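Coordinates in review
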Amino acid sequence: MAQPRFRYRLQQVLELKIKAEDEEKEKLAKLIQLQAEELKIKAQLEAKLVQLGEELRARQANGTLDINQLRFFPQHIEFVKNQIVNQELRLKEIAIRIAQQRENLMRAAQERQAYEKNKETSKERWTAEMEQAESKMLDELATLKSARGASAQ
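L45, L52, L56, F73, I77, V80 and I84 together form the largest nonpolar core, which totals 7 residues. Sorting the residues of this core by element identifies α1 (11–62) and α2 (67–152) as the ones contributing at least two each. L28, L31, L34 and I94 belong to the second-largest nonpolar core, a separate cluster that totals 6 residues.

Right, let's get into a nonpolar patch on the surface. Taken together, the side chains of M137, L138, L141 and L144 present a nonpolar region at the surface, about 380 Å² in accessible area. Summarising the element assignment, M137 is placed in helix α2.

This next bit is on the pattern of salt bridges. Scanning all chains against the criterion turns up 9 salt bridges. One salt bridge in this structure joins R90 and E38, with 3.3 Å as the shortest N-O distance. In this pair, R90 is assigned in helix α2 and E38 in helix α1, connecting sequence segments 52 residues apart. Residue class for R90 comes out partly exposed when judged on its relative accessible area of 32%. According to the relative accessible area criterion, E38 is buried, its value standing at 9%. Ionic contacts of the salt-bridge type, sharing partners, join the residues E21, R112 and E116 into one network.

What counts and what doesn't
Each residue is numbered by its place in its chain's sequence as written, counting from 1. Given that this is a predicted model, residues contribute local features only at a pLDDT of at least 70 and side-chain atom pairs are listed and counted only at 80 or more, while totals for whole chains, interfaces and linings are drawn from all residues. Only heavy atoms go into the side-chain values, all of them from the structure, while hydrogens and water stay out. Only buried residues count toward a nonpolar core. Its members are Ala, Val, Leu, Ile, Met, Phe, Trp, Tyr and Cys residues joined through side-chain atoms within 4.5 Å. Only protein chains enter the accessibility calculation, which uses a 1.4 Å probe; a residue whose area is less than 20% of its type maximum is buried, one above 50% is exposed, and one in between is partly exposed. Helical segments are the DSSP runs of H or I of at least four residues, strand segments are the runs of E of at least two, and each set is numbered from the N terminus. Here, patches come from residues exposed beyond 30% relative accessible area and free of salt bridges, joined within 9 Å for like charges and within 5 Å for nonpolar side chains (Val, Leu, Ile, Met, Phe, Trp, Tyr). Each accessible area is a Shrake-Rupley estimate made with a 1.4 Å probe; only the visible protein chains count as cover when residues are assessed. Any carboxyl oxygen of Asp or Glu that lies within 4 Å of a side-chain nitrogen of Lys or Arg is treated as forming a salt bridge with it.

Now the structure itself:
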């Protein structure tokens, strides 16, 4: 007689929880990638600011700064500084979103783990029931065999 296989009655729910956790991981990875891109943009803006400052000092030192450039450089430097400030605000917003996404991921992982623990407990209980049924059947067979042996004498 073939022994029945264990079937977890909430397997579909467990699979949905695994899928939900994977989706939360993907969202977190996308946010981290976005943060890296925004950090790169901020670094480029900071490099541009340094370059503008150096160019302004160089033109002042060699005397090639005309009146239009004298107005352009401070305005452009201020514009780049504002872009850097905006970029820092964007990075703070992304950091908040990453923290929230980590919490979502942690919740999804806890839900999945709860179902996996339940599955493990159910399987252990099922295994114990199967072993108990098998033991009972063997006891009955032994009793029958012993009763046949006694009646044959």
